[in-house]
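What follows is each chain in one-letter form.
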Amino acid sequence: MTLQSMTGFGRSQGRADSGAASGTFVWELRSVNSKGLEIRFRFPTGFESLESECRRLLGSRLSRGNVQATLNFERETGGSVPIVNEAALSAVLAAIERIGQRLGSPPPRAELVLQIKGVLENGEQEAPAGDIEARNRVVLAGLDAAAEMLDQARRNEGKAVAVALLRQIDAIAGLVVAIEADPSRSADAIGKKLKGQLAQLLEDGSTLDPQRLHQEAAILATKSDLREEIDRLHAHVAAARELLGGKGPAGRKLDFLAQEFNRECNTICSKSNASAVTASGLEMKVIIDQFREQVQNIE
């Protein structure tokens, strides 16, 4: 069984020893259910250009799921330099000038202005392009390692879900066999029931033509036969087992089969002429609902 869940977690950490761009990084990947593949990234400043390559890397491994990918990068000490926030400085100087004009006070010394929050910020020293490229290669390799961990977690959960789905398919198959073997489905049982109903109609003094009643009874007997529904359920069981034992994404196909299971089961319950068949049909509906709920987590 190679089914893969859409829920999982992956993490990797490492160090990029790349000159002025050196630092340590941590990747964290979280994946939950989704109809398609949705990937959201959170990058620290300076790493935004990696998004397209990161998206391509994850897209090559995953086909469905809502994935949150977060990169944290801590640069080596000594790589930061003070940077004046020009917008903040202009706003502060304008405010100081207005206040000074009102109060007639001299302007403050520069070092005092620089102590005002937001005027002076810690910026990153511009690293050579070669160092940045080397750093990015290491960070991308870290993403690949985190993706491998996420992939393995999704496979492990997929195996557990596949076992549960197979149990449910076996239960559905058993109920189909029970419905197929129910005595109420035999030609003798159906004929006996119809004869009794016809006899009661005729005894009540009905003016209906007996021959016409027999014809209508034959039509009703044909409509109430469950052979087609049972055959389709057998086919759906076989298809589900094949998907559970196959390779590649199967979640959408299994979800479609769950709908087909439910449709045939509803028809059986509506056609049923015996309490035992109805009870089996209702039990099957409960299992089908459980099956479909589990399938929502499969890639």
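What counts and how
- Residues numbered from 1 in each chain as written.
- Predicted model: local features only at pLDDT ≥ 70, side-chain atom pairs only at ≥ 80, totals over all residues.
- Heavy atoms only, no water.
- Pairing = 2+ DSSP bridges.
- Helix = DSSP H or I, 4+ residues; strand = E, 2+ residues; numbered from the N terminus.
- Right-handed = clockwise from strand over helix to strand, strands pointing away.
- Core = buried A, V, L, I, M, F, W, Y, C linked by side-chain atoms within 4.5 Å.
- Buried < 20%, exposed > 50% of the residue type's maximum accessible area, 1.4 Å probe, protein only.
- Contact = heavy atoms within 4.5 Å.
- Phe/Tyr/Trp six-rings, centres within 6.5 Å; stacked < 30°, edge-to-face > 60°.
- Lys NZ or Arg CZ within 6 Å of the ring centre and 35° of its normal.
- Axes fitted to C-alpha atoms, helices over the stretch in contact; angles between N-to-C directions.
- Parallel < 35°, antiparallel > 145°, perpendicular 65-115°, else oblique.
- Left-handed = near helix turned anticlockwise from the far one by under 90°.
- Salt bridge = Lys/Arg side-chain N within 4 Å of Asp/Glu carboxyl O.

Novice: Can you walk me through the pairing of strand E3 (residues 37–42) in this structure?
Specialist: A regular strand places its side chains so that they alternate between the two faces of the sheet. In this sheet, strand E4 (residues 65–75) lies alongside E3 in parallel orientation, the contact comprising six bridges. Its bridge partner being in E4, Arg42 is matched across the sheet by Thr70. Viewed along the sheet, the connection from E3 through helix H1 (residues 51–61) into E4 turns out left-handed.

Novice: Sorry if this is basic, but what is going on with the nonpolar core here?
Specialist: What tends to happen in soluble globular proteins is that the nonpolar side chains get buried as a cluster. In this structure, Leu3, Leu165, Ile172, Leu254, Phe261 and Met284 are the most contacted members of the largest nonpolar core, which totals 32 residues. A total of nine residues in this core trace back to one element, the largest contributor, which is helix H4 (residues 129–181). Leaving out residues up to four positions away in the same chain, Leu165 has contacts with Leu3, Leu244, Leu254, Phe291, Gln294, Val295 and Ile298. In terms of nonpolar packing, the next biggest core, distinct from the first, is built from 23 residues, Trp27, Leu140, Leu143 and Ala147 among them.

Novice: Looking at this model, I keep getting lost on the packing of aromatic side chains. Mind explaining?
Specialist: For any pair of aromatic rings, the description consists of the separation of the ring centres together with the inter-plane angle of the planes. Tallied over the full model, the rule gives four aromatic pairs. Judged by centre distance (6.1 Å) and plane angle (85 degrees), the rings of Trp27 and Phe43 are edge-to-face. Of this pair, Trp27 sits in strand E2 (residues 23–32) while Phe43 is found in the loop between E3 and H1, placing the two residues 16 residues apart along the sequence. Like Phe43, Trp27 is buried. Measuring from ring centre to ring centre gives 5.3 Å for Phe41 and Phe43, while their planes differ by 15 degrees; the resulting arrangement is stacked. Phe41 gets classed as buried once you look at its relative accessible area, which sits at 15%. An aromatic cluster is defined as three or more aromatic residues linked by ring pairs; in this entry it consists of Trp27, Phe41 and Phe43. Positioned above the aromatic ring of Phe47 is the side chain of Arg135, whose terminal nitrogen or guanidinium carbon lies 4.0 Å from the ring centre. Just above the ring of Phe73 sits the side chain of Arg135; from NZ or CZ to the centre is 5.8 Å.

Novice: Mind showing me how you'd approach the packing of H4 against helix H9 (residues 275–295) here?
Specialist: It is the contact of H4 with H9, at a shortest axis distance of 10 Å, that shows an interaxial angle of 160 degrees. Relative to H9, the element H4 is oriented roughly antiparallel. Crossing of H4 against H9: the hand is left-handed. On H9, the residues that touch Val161, Ala164, Leu165, Gln168, Ile169, Ala171, Ile172, Leu175, Val176 and Ile179 of H4 are Val277, Ser280, Gly281, Glu283, Met284, Ile287, Ile288, Gln290, Phe291, Gln294 and Val295.

Novice: Just to check I follow, could you spell out the pattern of salt bridges for this structure?
Specialist: On inspection of all chains with the given rule, the structure shows 21 salt bridges. Residues Asp151 and Arg155 are paired through a salt bridge, measuring 2.3 Å at the closest nitrogen-oxygen approach. On the criterion of helical spacing, the pair formed by Asp151 and Arg155 is a turn pair, its members being four residues apart in helix H4. A relative accessible area of 10% places Asp151 in the buried class. Put simply, Arg61, Asp144, Glu148, Asp151 and Arg155 are held in one network by salt bridges that share partners.

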